[in-house]
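Analysis of the macromolecular model
Residue-level listing of the chains:
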Amino acid sequence: MDINIALLLEKMEEKMKQQTLEITTAVTKSVMEGIDKKLKNLTEENEALKTKVATLEQKLNWIEKDKRKNNLVFYGIDEMGRTENELVNYIKEIIIKTGTHMDSQEISNIYRIGQKVKNKNRPVVVTITTTWKKHIILKNKSKFPAGLYVNKDFPKEVLETRKQLQGQVKEERQKGNIAYINYDKLVVRKTTDKNREKRKRGESGSPNTPAQKKATIENESVLPQAGSSTKEIMKPSILKYVNSGRSASPGKTTKN
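Note that the coordinates shown come from a computational prediction; the quantities given were computed from them, not determined experimentally.

Bringing the pairing of strand 1 (residues 71–75) into the picture now. Strand 1 sits mainly inside the fold: 4 of its 5 residues count as buried. Where strand 1 meets strand 3 (residues 124–128), 4 bridges bridge the pair, whose relative direction is antiparallel. Residue Phe74 lies in a different strand from strand 3, and its bridge partner there is Val124. In the sheet, strand 1 pairs with strand 4 (residues 149–152) via 4 bridges, with the strands oriented antiparallel. Residue Phe74 lies in a different strand from strand 4, and its bridge partner there is Val150.

Here it is as structure tokens:
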């Protein structure tokens, strides 16, 4: 009797363990499915938010770029005792001296950037009313007085990027490639050896230099030596001179 009870208890214990395992597995599966579903929803929401943020950043960058598109930044302008009106007139006169027509009304805004520091001239931001006039001013910037120069207006992040790209621009130019920075991107155009060789041949073969012209004229004016065994090709101008008669001078040939 005791043996039967022990066997029964043993079977009941095994049954309970099996049921416990099944219940645990089912609960765990249900919980994991719920967590996976939640994570999936969160992941989708996160991706949607990332896309939205990226779109907003692009719009903000475009607005920032558009806001500065007509701006020029002047460096090296003394700020001691210069009011806003005096600053407008001063910059206008500088631009006029470079050969660019400029009216005060073409400057829509002007201000200095940065904190005021003693013995240091802060940059001046000038907003021009038209983009084409801004390009003309930049085209003539080499005519500005010494110590004063101008550049486009870039955001701080773009300025840092352009500064980092300067080294790459130098490396690419040393390789013989055409390299420059377009806003915040490096642009590289490779120059093939074939084009380089073609350019060299064009330069060496052009008779535009005085030495080459002189050599060409001397070669055309050489007559064949009498009794020479070498046959030389006479130029058409020399043949005309020979046919016109030995007695006539080169300057008085018979007119047809």
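What the largest pocket holds in volume is close to 410 Å³. Along the walls of the largest pocket sit 20 residues, with Lys65, Lys134, Lys152, Phe154 and Tyr183 positioned nearest its centre. Only helix 1 (2–68), helix 3 (131–139), strand 4 and strand 5 (178–182) provide two or more residues apiece to the lining of the largest pocket. With 5 residues, the top contributor of residues to the lining of the largest pocket is helix 1. Residues of the lining of the largest pocket, tallied by class, amount to 6 nonpolar, 4 polar and 10 charged.

In a regular helix each residue adds 1.5 Å, so 14 residues correspond to 20 Å; helix 2 (residues 84–97) covers 20 Å between its end C-alpha atoms and thus fits that length. Those residues of helix 2 that fall on the buried side of the exposure criterion are Leu87, Val88, Ile91, Lys92, Ile94 and Ile95. The arc that holds the buried residues of helix 2, viewed along the axis, is 160°, so those residues lie on one side. Projecting away from the buried face of helix 2 at angles above 90 degrees are the exposed residues Asn85 and Lys97. Structurally, helix 2 contributes buried residues whose contacts are with strand 1, strand 2 (107–112), strand 3 and helix 3. One or two steps after helix 2, the chain reaches Gly99, where phi turns positive at roughly 100°.

Right, let's talk about the pattern of salt bridges for a bit. Tallied over the entire structure, the rule returns 9 salt bridges. Note that Arg112 and Glu79 form a salt bridge whose closest N and O atoms lie 3.9 Å from each other. With Arg112 in strand 2 and Glu79 in the loop between strand 1 and helix 2, this pair connects stretches of sequence that are 33 residues apart. The buried category is assigned to Arg112, whose relative accessible area is 18%. It is possible to trace a salt-bridge network through shared partners that takes in Glu64, Arg68 and Asp153.

A word on unusual backbone geometry. Of note in the backbone geometry, Asn119 takes a positive phi value of approximately 60° without being a glycine. Among the secondary structure elements, Asn119 is positioned in the loop between strand 2 and strand 3. A positive phi angle is found at Tyr183, which is not glycine, with a value near 60°. Looking at the secondary structure, you find Tyr183 in the loop between strand 5 and strand 6 (185–189).

Within the largest apolar cluster, 19 residues are counted, with the highest numbers of intra-cluster contacts made by Phe74, Ile91, Ile110, Val124 and Val126. Elements represented by at least two residues in this core include exactly strand 1, helix 2, strand 2, strand 3 and helix 3. Ranked by residue count, the leading element in this core is helix 2, at 5 residues. Those residues within four positions of Ile110 in sequence are excluded, and the remaining contacts are Glu84, Leu87, Val88, Ile91, Val124, Val125 and Val126.

This part takes up the confidence of the model for the chain. Residues shown with low pLDDT carry predicted positions that ought not to be read at fine detail. For the chain, per-residue confidence averages 77 on the pLDDT scale, and 74% of positions sit at 70 or higher. Taken as a whole, residues 205–256 scores under 50 in pLDDT and shows 19 contacts with residues more than four places along the chain or in a different chain.

This part is about the packing of aromatic side chains. Under the criterion given, the structure shown has 3 aromatic pairs. Judged by centre distance (5.0 Å) and plane angle (15°), the rings of Tyr75 and Tyr149 are stacked. With Tyr75 in strand 1 and Tyr149 in strand 4, this pair connects stretches of sequence that are 74 residues apart. Look at Tyr75 and you get partly exposed, because its relative accessible area is 27%. For the cation-ring pair, Lys65 lies above Tyr183, with the distance from its terminal atom to the ring centre recorded as 4.4 Å.

It is worth spelling out the side chain of Glu172 at this point. Its location among the elements puts Glu172 in helix 4 (residues 156–174). Assessed through its relative accessible area of 15%, Glu172 is described here as buried. Within the local environment of Glu172, its side chain forms a polar contact with the side chain of Asn177, the two groups lying 2.9 Å apart. Residues within four places of Glu172 in sequence aside, it is in contact with Asn177, Ala179, Val188 and Lys190.

Rules of the game
Residues numbered from 1 in each chain as written. Predicted model: local features only at pLDDT ≥ 70, side-chain atom pairs only at ≥ 80, totals over all residues. Heavy atoms only, no water. Buried < 20%, exposed > 50% of the residue type's maximum accessible area, 1.4 Å probe, protein only. Helix = DSSP H or I, 4+ residues; strand = E, 2+ residues; numbered from the N terminus. Pairing = 2+ DSSP bridges. 1 Å grid on protein atoms, 1.4 Å probe; cavity = no way out; pocket = protein on both sides within 12 Å on 5 of 7 lines; lining within 4 Å. Points joined across faces, edges and corners; volume = space filled by probe spheres on them. Nonpolar A, V, L, I, M, F, W, Y, C, P; charged D, E, K, R; others polar. Expected span 1.5 Å × (residues − 1). Arc of directions from axis to C-beta. Contact = heavy atoms within 4.5 Å. Salt bridge = Lys/Arg side-chain N within 4 Å of Asp/Glu carboxyl O. Core = buried A, V, L, I, M, F, W, Y, C linked by side-chain atoms within 4.5 Å. pLDDT = per-residue confidence, 0-100. Phe/Tyr/Trp six-rings, centres within 6.5 Å; stacked < 30°, edge-to-face > 60°. Lys NZ or Arg CZ within 6 Å of the ring centre and 35° of its normal. Polar contact = N/O pair within 3.5 Å; in protein donor to acceptor, adjacent residues only side chain to side chain.

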